[in-house]
Amino acid sequence: HLMDAPSSPNSLPIPSILNTMTRKREPLRTLQPGKVSLYSCGPTVWNYIHIGNLRAALTSDLFFRYFRKLGYDVTYVRNYTDVDDKIIQQAAKEGVAPDQLSRKYTQEVERDYALAGMLEPTHKTKVTEHIPEIIALIENILKNGKAYVAKDGEVFFSIDAFPTYGKLSGKKLEDLDAGVRVEVRDGKKNPLDFSLWKPAKPGEPFWESPWGKGRPGWHIECSAMAMKWLGPKMDIHHGGEDLVFPHHENEIAQSEAGSGVAPYVGCWVHNGFLTMNKEKMSKSLGNIVSARDFLSEYGGEVTRYMLLSVHYRALLDFGDDSLETALSSLQRLYEAKQKAQALTKLRAAMPDQRAEASWGQFLAEAEAARREIRAAFAQDLNTSGALGALFKLIREFNRNLAEPHGSGTPGAILGATELLSVLESEIGDVMGVGRLAPEKALQDFDGIRERRAKRAGGERLSAEEIEALVKARLAARQAKDFKESDRIRDELAAKGVVIKDGPQGTHWEYR
Ligand code: AMP
Ligand code: ZN
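Rules of the game
Residues numbered from 1 in each chain as written. Chains lettered and ligands numbered in written order. Predicted model: local features only at pLDDT ≥ 70, side-chain atom pairs only at ≥ 80, totals over all residues. Heavy atoms only, no water. Near = heavy atom within 4 Å. Polar contact = N/O pair within 3.5 Å; in protein donor to acceptor, adjacent residues only side chain to side chain. Areas by Shrake-Rupley, 256 points an atom, 1.4 Å probe, with all protein chains shown as cover. Helix = DSSP H or I, 4+ residues; strand = E, 2+ residues; numbered from the N terminus. Nonpolar A, V, L, I, M, F, W, Y, C, P; charged D, E, K, R; others polar. Salt bridge = Lys/Arg side-chain N within 4 Å of Asp/Glu carboxyl O. Phe/Tyr/Trp six-rings, centres within 6.5 Å; stacked < 30°, edge-to-face > 60°. Buried < 20%, exposed > 50% of the residue type's maximum accessible area, 1.4 Å probe, protein only. Lys NZ or Arg CZ within 6 Å of the ring centre and 35° of its normal. Donors = N, O, S within 2.8 Å, 3.2 Å for Na, K, Ca; no water. 1 Å grid on protein atoms, 1.4 Å probe; cavity = no way out; pocket = protein on both sides within 12 Å on 5 of 7 lines; lining within 4 Å. Points joined across faces, edges and corners; volume = space filled by probe spheres on them. Pairing = 2+ DSSP bridges. Right-handed = clockwise from strand over helix to strand, strands pointing away.

**Student:** Help me understand the site of ligand 1, please; the structure alone is not making it clear to me.
**Tutor:** Taken together, 18 residues sit near ligand 1, with Thr 44, Gly 240, Asp 242, Leu 274 and Met 281 positioned nearest. Separating an oxygen atom of ligand 1 from a side-chain N or O atom of Asn 53 is a distance of 3.2 Å. Here ligand 1 has 490 Å² of accessible area as a free molecule, and 90% of this is covered by the chains. Taken together, the elements giving at least two residues each to the shell around ligand 1 come down to helix H1 (51–69) and strand E10 (234–240). If you tally residues by element for the shell around ligand 1, the top one is H1, at three residues. Class assignment of the residues belonging to the shell around ligand 1 gives a composition of seven nonpolar, nine polar and two charged.

Laid out in structure tokens, this is it:
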């Protein structure tokens, strides 16, 4: 029955969200009517973030905006991991104190987030500001018999005391056991037991605790911060898919073992990886594009569009294609916006606002697009489906404008008003794109294209030029002028050409 169809506080369709725990799309059911609690695992602030990290951050921003759009009162918590091994190592490298380093990169990340047009969360939490909560949680876990203290003061979570361990990731304890190399570190009862509290090593930051000087293990922080600000149960918990195991598996174990309340999380949300040549972008692999470089070169709008136009769970392989698609889509979007805005400016001069037949049809299509976009978002934030409906409407708009008497009529003005409303309130409110002044946006996109063309033109060598350089290098090598032959090899490398010397001679290829 229609009257019974559940709807959000704003009478929009209730969304279904894919829950990693059940592997099913489930209609959103919140703990408190009209309210959503959302926790997102934020970055470890030891360096600049890369655009894969930014994809994760934008995913939680997307959920936040969407729940607000649906009329929920959202409490959104995002953390900064500001104490960890990488921070300590990097601080030593840069010759600064760890807290100084993490403060610096927290600021840099905030700058990237602002450039990417992200909204401020309700609470931004730092691990170092939650040490008492972390200690209290560990004490509860110990009291409930799900953790133990090893000789040196390290506190371990006891996997064997938590029978549902592995539920989120679908891993079975037996399989995990077999896969794990038994750690040499003594004190662990089960090699899978993980650290809740680590004893301090000389020269490292530490806090006083019932188990001596030390610092929290990585996983406990999110349990403590999430439960402090959202309570022992929350509606949505988000992170990148690399966090499913072990981070989120451990979070569930710690939280439920500490609070005695389950389930810790109603719906687990994980974004897919951003990859480059199908390899996960990560600092340890070195295949990264920093968010700062990317945002400076392409701006927040293109960045958001590129990272959000693909479904958040899908793998996003980053490259020229994804950039080009974002750029040309945005160009189409803003050209339509420019025309529509110009038309609506005529409104005052044309008080008779009745739609001609063709525009009447367009108004019906705009209504259909509105419904389609809402339905797409309601299906696990299907952003590409929503954008598809928008671009279908833009095509219809352009088609109508191209008809004789299609432009400058009262019907066209109504149509333009509708298109702008769909763009602004259906797409813009949720995805945070399409809201710039079109003149400026189009100019920026032209600038991006010019710079790209220039760079590509300047970089590409013709095959003849490459062969000539390869020959010159060979000659230099035969004359034992290795300085010159290396210089030529570097010149080629700078232009993207790699050379390989083999038994059959020298081969070259574009990287
Ligand atoms: P980290 O600083 O490594 O803890 O990462 C911060 C957030 O970025 C976490 O939610 C990660 O899951 C996420 N993340 C890291 N690398 C990628 C990637 N290549 N693609 C998508 N998300 C990522
Ligand atoms: Zn976390």
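**Student:** For this particular structure, what's the right way to read the pattern of salt bridges?
**Tutor:** Between side chains of opposite charge, pairing is possible as soon as their charged atoms come close. Counted by the stated rule, this structure contains 34 salt bridges. When salt bridges that share partners are traced, they join Glu 367, Arg 370, Arg 374, Glu 418 and Glu 426 into one network.

**Student:** Which parts of the structure should I look at to understand the packing of aromatic side chains?
**Tutor:** Working definition: an aromatic ring pair is given by the centre-to-centre distance plus the angle between the planes. Throughout the structure, instances matching the rule amount to 18 aromatic pairs. Plain terms: the ring middles of Tyr 66 and Phe 67 are 6.2 Å apart, the flat faces sit at 35° to each other, and that makes the pair tilted. Overall, Tyr 66 belongs to the buried group, its relative accessible area being 3%. For the ring pair Trp 197 and Trp 211, a centre distance of 5.9 Å and an interplane angle of 55° mean the geometry is tilted. Here Trp 197, found in strand E8 (residues 195–199), pairs with Trp 211, found in the loop between E8 and strand E9 (214–216); they are 14 residues apart in sequence, far enough to count as distant. For Trp 211, a relative accessible area of 14% gives the class buried. The structure contains a cluster of three or more aromatic residues connected by ring pairs, namely Phe 63, Tyr 66, Phe 67, Tyr 72, Tyr 312 and Phe 377. Geometry around Phe 64 places Arg 68 over its ring, the cationic atom sitting 5.1 Å from the centre.

**Student:** What's the story with unusual backbone geometry in this structure? I'm lost.
**Tutor:** Across residues other than glycine, the phi torsion is negative in most instances, and most of the peptide bonds are trans. Cis geometry is adopted by the peptide bond preceding Pro 246, which originates at Phe 245 and carries an omega value of 0°. Considering the arrangement of structural elements, one finds Pro 246 in helix H7 (residues 244–259). With an omega dihedral of -5°, the bond running from Ala 262 to Pro 263 counts as a cis peptide bond. Phi at Lys 278 is positive, roughly 65°, even though this residue is not glycine. Secondary-structure assignment places Lys 278 in the loop between strand E12 (274–276) and strand E13 (279–280).

**Student:** Honestly, the coordination of the zinc ion (ligand 2) in this entry has me stumped. Any pointers?
**Tutor:** Six octahedral donors at a metal ideally form angles of 90 or 180 degrees, and four tetrahedral donors ideally form angles of 109.5 degrees. Here the zinc ion (ligand 2) is held by the protein donor atoms Cys 41 (SG), Cys 222 (SG) and His 247 (NE2), which lie 2.1 to 2.2 Å from it. Donor residues binding the zinc ion (ligand 2) come from one chain and are separated in sequence as C-x180-C-x24-H. Within this pair, whereas Cys 41 is found in the loop between strand E3 (35–40) and H1, its partner Cys 222 is found in helix H6 (residues 220–230), the two being separated by 181 residues in sequence. Taking the relative accessible area as the measure of exposure, Cys 41 reaches 11% and is therefore buried.

**Student:** Help me understand empty space enclosed by the protein, please; the structure alone is not making it clear to me.
**Tutor:** Picture a little ball the size of a water molecule; that probe, rolled over the atoms, points out where space is still empty. Scanning the model with the defined rule gives two cavities of 30 Å³ or more in all. The volume enclosed by the largest cavity comes to roughly 70 Å³. Lining the largest cavity are Leu 12, Pro 13, Tyr 66, Lys 69, Leu 70, Ile 373, Arg 374, Phe 377, Ala 378, Glu 426 and Val 430. Elements supplying a minimum of two residues to the lining of the largest cavity: H1, helix H10 (357–378) and helix H12 (410–431). Of the residues forming the lining of the largest cavity, the biggest block, four residues, is contributed by H10. Its residues placed into classes, the lining of the largest cavity shows eight nonpolar, no polar and three charged. Roughly 30 Å³ of internal volume is contained in the second largest cavity. Every residue along the wall of the second largest cavity is listed here: Arg 55, Leu 58, Thr 59, Leu 307, Leu 308, Val 310 and Tyr 312. When contributions to the lining of the second largest cavity are tallied by element, the ones reaching two or more residues are H1 and helix H8 (291–308). Considering every element that reaches the lining of the second largest cavity, the biggest residue donor is H1, with three residues.

**Student:** What is the right way to read the pairing of strand E11 (residues 265–271) from this model?
**Tutor:** It is a general feature of regular strands that their side chains alternate between the two faces of the sheet. Of all seven residues making up E11, six are buried, and the element is well covered by its neighbours. In this sheet, E11 lies alongside E10 in parallel orientation, the contact comprising six bridges. Bridge pairing in E11 places Met 234 opposite Val 265. Where the polypeptide runs from E10 across H7 and back to E11, its parallel neighbour, the crossover connection is right-handed.

**Student:** How should I be thinking about the pairing of strand E2 (residues 24–27) in this particular structure?
**Tutor:** Across four bridges, the pairing between strand E1 (residues 16–19) and E2 is antiparallel. By the bridge assignment for E2, Leu 18 is matched with Arg 25. Between the antiparallel neighbours E1 and E2 lie four residues, among them Arg 23 with a positive phi of about 60°.

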